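Observations on the model geometry
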Number of protein chains: 8
Amino acid sequence: MQDVEALLTAVKNGTLSVADAALQLKAAPFLDLGFAKLDLHRKLRTGMAEVVFCQGKDDRFLTEIFRRLYAANGEVLGTRCSPSQAELLKQTFPELDYDSLSGTVLLQSVERKAREGVGCIAIVTAGTADLKVAEEAARTCEFFGSRTVKIYDAGVSGLHRLLSRLTDIQSANVIIAVAGMEGALASVIGGLVSVPVIAVPTSAGYGANFKGLAALLTMLNSCSNGVSTVNIDNGYGAAYIAVQINRLAVKGRVN
Amino acid sequence: MQDVEALLTAVKNGTLSVADAALQLKAAPFLDLGFAKLDLHRKLRTGMAEVVFCQGKDDRFLTEIFRRLYAANGEVLGTRCSPSQAELLKQTFPELDYDSLSGTVLLQSVERKAREGVGCIAIVTAGTADLKVAEEAARTCEFFGSRTVKIYDAGVSGLHRLLSRLTDIQSANVIIAVAGMEGALASVIGGLVSVPVIAVPTSAGYGANFKGLAALLTMLNSCSNGVSTVNIDNGYGAAYIAVQINRLAVKGRVN
Amino acid sequence: MQDVEALLTAVKNGTLSVADAALQLKAAPFLDLGFAKLDLHRKLRTGMAEVVFCQGKDDRFLTEIFRRLYAANGEVLGTRCSPSQAELLKQTFPELDYDSLSGTVLLQSVERKAREGVGCIAIVTAGTADLKVAEEAARTCEFFGSRTVKIYDAGVSGLHRLLSRLTDIQSANVIIAVAGMEGALASVIGGLVSVPVIAVPTSAGYGANFKGLAALLTMLNSCSNGVSTVNIDNGYGAAYIAVQINRLAVKGRVN
Amino acid sequence: MQDVEALLTAVKNGTLSVADAALQLKAAPFLDLGFAKLDLHRKLRTGMAEVVFCQGKDDRFLTEIFRRLYAANGEVLGTRCSPSQAELLKQTFPELDYDSLSGTVLLQSVERKAREGVGCIAIVTAGTADLKVAEEAARTCEFFGSRTVKIYDAGVSGLHRLLSRLTDIQSANVIIAVAGMEGALASVIGGLVSVPVIAVPTSAGYGANFKGLAALLTMLNSCSNGVSTVNIDNGYGAAYIAVQINRLAVKGRVN
Amino acid sequence: MQDVEALLTAVKNGTLSVADAALQLKAAPFLDLGFAKLDLHRKLRTGMAEVVFCQGKDDRFLTEIFRRLYAANGEVLGTRCSPSQAELLKQTFPELDYDSLSGTVLLQSVERKAREGVGCIAIVTAGTADLKVAEEAARTCEFFGSRTVKIYDAGVSGLHRLLSRLTDIQSANVIIAVAGMEGALASVIGGLVSVPVIAVPTSAGYGANFKGLAALLTMLNSCSNGVSTVNIDNGYGAAYIAVQINRLAVKGRVN
Amino acid sequence: MQDVEALLTAVKNGTLSVADAALQLKAAPFLDLGFAKLDLHRKLRTGMAEVVFCQGKDDRFLTEIFRRLYAANGEVLGTRCSPSQAELLKQTFPELDYDSLSGTVLLQSVERKAREGVGCIAIVTAGTADLKVAEEAARTCEFFGSRTVKIYDAGVSGLHRLLSRLTDIQSANVIIAVAGMEGALASVIGGLVSVPVIAVPTSAGYGANFKGLAALLTMLNSCSNGVSTVNIDNGYGAAYIAVQINRLAVKGRVN
Amino acid sequence: MQDVEALLTAVKNGTLSVADAALQLKAAPFLDLGFAKLDLHRKLRTGMAEVVFCQGKDDRFLTEIFRRLYAANGEVLGTRCSPSQAELLKQTFPELDYDSLSGTVLLQSVERKAREGVGCIAIVTAGTADLKVAEEAARTCEFFGSRTVKIYDAGVSGLHRLLSRLTDIQSANVIIAVAGMEGALASVIGGLVSVPVIAVPTSAGYGANFKGLAALLTMLNSCSNGVSTVNIDNGYGAAYIAVQINRLAVKGRVN
Amino acid sequence: MQDVEALLTAVKNGTLSVADAALQLKAAPFLDLGFAKLDLHRKLRTGMAEVVFCQGKDDRFLTEIFRRLYAANGEVLGTRCSPSQAELLKQTFPELDYDSLSGTVLLQSVERKAREGVGCIAIVTAGTADLKVAEEAARTCEFFGSRTVKIYDAGVSGLHRLLSRLTDIQSANVIIAVAGMEGALASVIGGLVSVPVIAVPTSAGYGANFKGLAALLTMLNSCSNGVSTVNIDNGYGAAYIAVQINRLAVKGRVN
């Protein structure tokens, strides 16, 4: 949209026909497969390629979507991928890297994988039941080129476990706090650091936990400053925001 | 009920008439005022006299209830007492001690008030907005003869405030943890002590706090052992249980 | 933390090097397995060893956790253990005692099992559907060395069943009241005893029970004094608190 | 509708014109005031005249509605009537009987008021805060000609208060159980009687009571047989059903 | 309890020993199986024998419970019985009558089954998805000796289906209205009859039905008089109350 | 946007400068007042001018917004207008027509008001408490030029009241069904007509009505076809849709 | 009902007997199968034949219902049909057209299928997970003779995908907006068109989506005019209303 | 805590006594007023001074808290300040800057106020009812030294209002999206930018908005990447996080 005057000037100069200009003004930067509209320009626009949410995707569509995105971006990340979906994808992409704990699949060149991440994102979990959400976050951060530090099973029922890693936590650019049950971890971390905390409630728990609602409300009502919250079990979403912040910290902006 | 054989033996021995025995077996240990049935034997049975929940009581009934309980027990505690209700009661009981912050009224002899409490109950709050609930708890504990230690405004967003008072907290027989917003305080304390924590969620907060629901769920789902929960803003109820536990610790039982 | 002056004096006296002192001040009293941080000092601190919540634990981690805790504490209790997890653990620990109704596993010497419990905790259930929660509570109480009395299927729809066991209930130091459906049991018991009642709502019921929510709200709103509540189906949690209280009653404290 | 053949025969016989028959077939047995449609035939159909729910009715409409129903039925009951509405109505009907506790107004002849009620409906409340709902029920029962027995402040936290009145309760044709807070009263009564219990949750309570929701869920999930439930604070509705049942018990039916 | 004076007189007269009298005063009119307390006197007290809620009962206990109740009452009704539980019971009771739609099992003599029911209970459903709840109600009514009339698939989206059976509905002593989705059936029937309507919300529906919550709220808020509500899918509970009312209508009471 | 080629052609032809074309492409069809952005082209685009939701609007802004819209459209409708807001507006617009029941204000010429509406929208309410919502709907329909038929107080507890007006209802192009309490009205009407029913739940009711939630769920789960729902008390929103449908019915489309 | 005078005249004239007239007045325009009451006149009354909601229908009943409706209407649509139900139906109707994605079955002649639909209904989805609901809607629209335009995977996270199809959307008579997750699609479309938008929340999502509740609330609270909502995942219901509106637009009405 | 080795070295060297070292190790970096514990070191630790949440603070405490923080930090920000509280504070601090719309008070030197903010935070609102929350955010951002750009009344019902300011939005380091009603604004912005969006649901709306719940769920379930959420109406909290991110972007970190 920002090139509108350039384009209009080209029309005026006759270097661009009216028909072509109209086409460009209307051109949709996506690939319409009928059942889906793939955003192939996203990496260009945001520096972060489209990621595939595999859950519920029909087998007929899944491989096609990976093929197109792989061709366009040279790498693909998929989340919420079931073992049978991973099996299916491996038939087409033998190099596929599948992690069953986090349910993530990666298509990436060896070099790209070997590349060291920039900045630092700390990922802290309250218990072992939060691991799969934390690993979804960690794999996403790394896919997008950020360095991670992991501090697992450091819930507030044993503060010394958390405090023993305080230096690691305080030296990150952004923290992802993953916790189920009552989710108090986010508030405690929020009180210990001066950078943003992205809180991820998990569905770990039972009874009055109501599948993550308890932890979600805890995090939304945090008495600590600097805590914002994403959906229950949304490790990917937290990672995405953390990467955005980590990049701003590493590269800065011109404003 | 446990005297049933003694009573029957007395009947057999002729030292008690059938009519009188029947009366005793059926005698209701309460005073029926029509609009209310006062439990005058409760102090005898449980060591803790009936307490008046003033909120919503009709003016016509309130004074009468205080009069009867004062006569029976020699002291009365009232909770959730509005300023106008306190005003009304003062007309009959000029010695009434009303605390507007906690909404409690006390009718007690000077000696009884001066008496030192036994054992130790620690009352900890997360913020200043939790004070009125904490004070309701404190006044109740003291009315029932327990010593209290108060640690206010020690929420988890500034752990050092809490940790600076750790010795006080750890030396109590039971802890009352009062917190609104996300209520994480109870979990953190639960991880630091080896005695029971009675958690009181408060309605302090706004939005997704849903009038105390967030703190309530937090406390019910605590990842720490030894935490049990009472109703939102129920400082009185928490105090009652804490007194029961404190008494067990001080006096023990014969089992 | 309380030895801080002793430690500083040792530094001053030169009997402790600065490096070693710093190490001790920071030393975390837990074992970091990467995927989990085991609290091996808990028994020392609280008199109650760490218990394993088996549900959702990965097979790779479960046996290792039991092995480490068994070595450290000489006994282990596991809760929410599935039949297949019990099968797995039996391969390493043939002496494992698994109770399928309550889903608990025990690793304990014969002598320790034979030991008689102290004090008295009464466990009362409303119906037969509450048995598994009650048995989780009972096995936990006994693991931690408390004596239990069980009164099952004594719900309020047939008061005579409850009243026939009143003496047993009234002679305990603390009551665990386990009830699903509407959960009225806790209120009725609360009115009959002078010791704390730990109320455990269960998910037994259907429809407007909303998986235990109805019983939970009932217990939180109890019109009886002395009732506090734990999470739905949390037999273990109720037992933990009951043991804390029972110990206070048996041993007392020095305050 | 049951007279359709009679009406058709009259048409065939010529004793009723087609136009008149059509009119009768379509005639609405109500009075259309524009803003309201009064059901003047209800007393004829059901033996129970239309009752006015005053709350929220515009002053312009209220007096007119009372006037019309008084003219048609010779007596009117109004519920949820505010003091200012009662004041307004008294200007037109000086004989109006207003009870501020229950918020009910009565227009009735002296003879009708003096008439003794038939059968027996027991109205039991858990606490004094439930009185206004109980009195709405009692006044409605009496308006419709049923005898009532009132047992107030007999909640389950002091079972002896309830058991002392057991004979009265057991001799009624139907029980109305009114309770706020946790609402356990209905279950306990349901276990003690063999007639239907109409349970009325009240909004008395606070916090996790959620304005009567806790008591409502308790009653819907009652472990006792014979308990059905009406809306929160709906004393009128419970009374209406109780009267229907009491009448069936007194008069029987021919089936 | 009412024989207390007679018993005391016998003690005084020496015709009853103190020990025996004490025993009788405490004797519980139930059979304690350890895992359950069967109420064998209920039929005597209420005219309605204890019914077995099979769901969740352990196989070890189920047959024993049926055996004891069959011996005591000569007939047994079981609800929420799974096919495999029915299979199990048939091994002991080959004469067992199992209805898979309603999930009910019956043990009854041929004569008793052939007996005609008294009075009349109309059971109306909104749709075909409500049939299993309606049949649970119908089988319960018949077990307890009441005659039923069934009107199925008569929801308010096609009023003519309901109105065509109006005479049947209006001639019953009590109506059971069974409806899922939005549950409007109860309100419409309530406006058409002068006897009590017991409303049963069912979990039939999807989405914003929230497993029966929508129908439940509809019924609790009914604008029609004479509607009371039981738990979602509780066909048995509605039938129990309907039988109580039908009996009152048939036999009357002496009050 | 559809003129994009025309505009480009003008640029190519030199009849429009690049700067002016860019301006037009970016021109926002609204008036930015800083605190608000008024959509002055809406009437042109949709045939329906922007309506002012007065509730919560600051006095400083309200008059200015009315002034601008009046100037642009020649008429203004305001909803949820408090008496004091109406008073304020009258100072600037003495001709303002305020209806306190519905809380609507109208600025319109005499001719426009006198104009007869097209088509037919039937507005039906269950009770008198739903009038204010119904009148908001009616005034909105009329403002946008649609004819209305009003049938008030025709709830399902007295079906004859509704059926007596069936012809009126069935001859409308679209029905607005307004109901609080249990909201069954929409389902019953949906079963009687072949045109769309726009259901408006109202907050009339109490207790388990939960401020309109009960009626809302009822309407969303309607067993009748052709029922769609708007927000609680949203008479304006229902009217807007009804007008859209009525216009389609009157004018048709060319597709 | 509208022929009532004609019928009465016939009675008067003797051309219709009283008995026959009574029969006709009471005749129910449905077929009572006992387990179900089929509405065979619906197509006549509303122009839209009864559709079968297959989910939960017993195998014994399903084929019979299809047979009867096929005979009466010459075509049948079934929704929420499982693969095994489709298998069963194919045994009787080999020509059955089953679409497993949408779960719909069609019995229709070749000619009828080939017929071109009238008017235009646009069906827009936010993501690929909404396809099954959208296809249920599309197949229903087409069954009832309306033309559809499908725009899938056009959610608001990539506005250009939606805007690129704006002309298609704006030229429809009515829009069906299908969206899960946060459901913002309906509001954005509502702001872009001048015809009614029927919003269908879907259960696509997880966590705080609460099975479609999030999208449902979004749609009910839409800030755009002209949006009304149906139940979660109710593609059929939205289509039914859209067809009603589309027909009005195509044919108009005479009012 | 990081100076622990330095401190120990000083002890060893004798430059610090054991007692003083112990004191420092325990020294709490806060001022204990009894009723509150002020965090005077926060500005030092995090670069952001403690802010006063005025709502619910007792008059006795409020002025004292401001006095202490003003002395320590040289400037104070207060949020949720009522007009009467502002009045009270002005008595002590005549220079107080109170903004009644946002409910914020500022104590700051003229120079500090005049200082230009760094970086850029865009604050976008959906409607005029969201202004007070947006202004709370804006004033907080500015207090902490960040530059803001405000785009108000740009909700998705009129996309052109939002798109006309796209350049401003896209050039910020972080966006605060403030919206009530259905809250779709955050998702649409999230799809248009590559920096983090902090979403603030507001309680603006009515009915099924449930005081902000609808907007909250919308934002948590956003289909756009890069959106995280804070509590309902929590403009301050969103601003705090935005400032943290903006600072990272401006200054970067050394990781």
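**Quick notes on the relation of the copies chain H and chain A**
When chain H is fitted onto chain A, the two copies agree to an RMSD of 0.1 Å after a turn of 180° and an axial shift of 0.0 Å. The relationship between the two copies is best expressed as a two-fold rotation axis. Most of the interface of chain H is mirrored in chain A: 100% of its interface residues are interface residues there too.

**Focus: the sheet that holds strand β3 (residues 52-53) of chain E**
Residues and elements named next belong to chain E. Pairing is mixed across the open sheet formed by four strands, whose spatial order is β3-β4-β6-β5. Of all strands in the sheet, those with a lone pairing partner are β3 and β5 (97-99), marking the two edges. The sheet contact formed by strand β4 (residues 76-79) and strand β6 (residues 104-107) spans three bridges and is antiparallel. Each bridged residue has a counterpart across the sheet, and for Val 76 the counterpart in β6 is Leu 107.

**What to know about the interface of chain H and chain A**
Each side of the interface is counted separately: chain H has 34 residues, and chain A has 34 residues. Between chain H and chain A lies a buried interface of about 2,900 Å² when both sides are counted; carbon and sulfur atoms form 51% of it. Our count for the contact surface shared by chain H and chain A stands at eight residue pairs in polar contact (both at pLDDT 80 or more). Counting residues per element, the ones that place at least two in the side of chain H that touches chain A are α3 (42-46), β7 (118-125), α11 (213-220), β11 (227-229) and α12 (235-251) of chain H. The greatest single-element share of the side of chain H that touches chain A, amounting to seven residues, is contributed by α12(H). In terms of residue class, the side of chain H that touches chain A is built from 15 nonpolar, 16 polar and three charged.

**Some points on the confidence of the model for chain A**
Atom-level detail of predicted coordinates should not be read off regions where pLDDT is low. In the predicted model, chain A carries a mean pLDDT of 89, and the fraction of residues at 70 or more is 93%. Reported for the predicted complex are a pTM of 0.90 and an ipTM of 0.87.

**Some thoughts on the domain arrangement of chain A**
All names here are of chain A. Once the domains are mapped, chain A shows domain 1 (16-112) and domain 2 (116-254). A straight line from the C-alpha centre of domain 1 to that of domain 2 covers 27 Å. Taken together, the 20 residues of domain 1 in the interface contact 15 residues of domain 2. Here domain 1 and domain 2 share an interface that buries about 1,500 Å² over both sides, 61% of which is from carbon and sulfur atoms. For the pair domain 1 and domain 2, the interface holds two salt bridges. Ionic pairing is found between Asp 97 and Arg 139, a salt bridge with its closest N-O pair at 3.2 Å.

**Some points on a positive patch on the surface**
Side chains of A:Lys211, C:Lys211, E:Lys211 and G:Lys211 sit close together on the surface and give a patch of like positive charge. Locating A:Lys211 in the fold gives a position in the loop between β10 (197-201) and α11 (213-220). With relative accessibility at 58%, the residue A:Lys211 sits in the exposed group.

What counts and what doesn't
Residues numbered from 1 in each chain as written. Chains lettered and ligands numbered in written order. Predicted model: local features only at pLDDT ≥ 70, side-chain atom pairs only at ≥ 80, totals over all residues. Heavy atoms only, no water. Least-squares fit on C-alpha atoms with pLDDT ≥ 70 in both. Contact = heavy atoms within 4.5 Å. Pairing = 2+ DSSP bridges. Helix = DSSP H or I, 4+ residues; strand = E, 2+ residues; numbered from the N terminus. Buried area = accessible area lost by both parts, 1.4 Å probe. Polar contact = N/O pair within 3.5 Å; in protein donor to acceptor, adjacent residues only side chain to side chain. Nonpolar A, V, L, I, M, F, W, Y, C, P; charged D, E, K, R; others polar. pLDDT = per-residue confidence, 0-100. Domains from an automatic or database assignment. Salt bridge = Lys/Arg side-chain N within 4 Å of Asp/Glu carboxyl O. Patch = residues over 30% accessible without salt bridge, like charges linked within 9 Å, V, L, I, M, F, W, Y side chains within 5 Å. Areas by Shrake-Rupley, 256 points an atom, 1.4 Å probe, with all protein chains shown as cover. Lys, Arg positive; Asp, Glu negative; His and termini not counted. Charge placed at Lys NZ, Arg CZ, Asp CG, Glu CD. Buried < 20%, exposed > 50% of the residue type's maximum accessible area, 1.4 Å probe, protein only.

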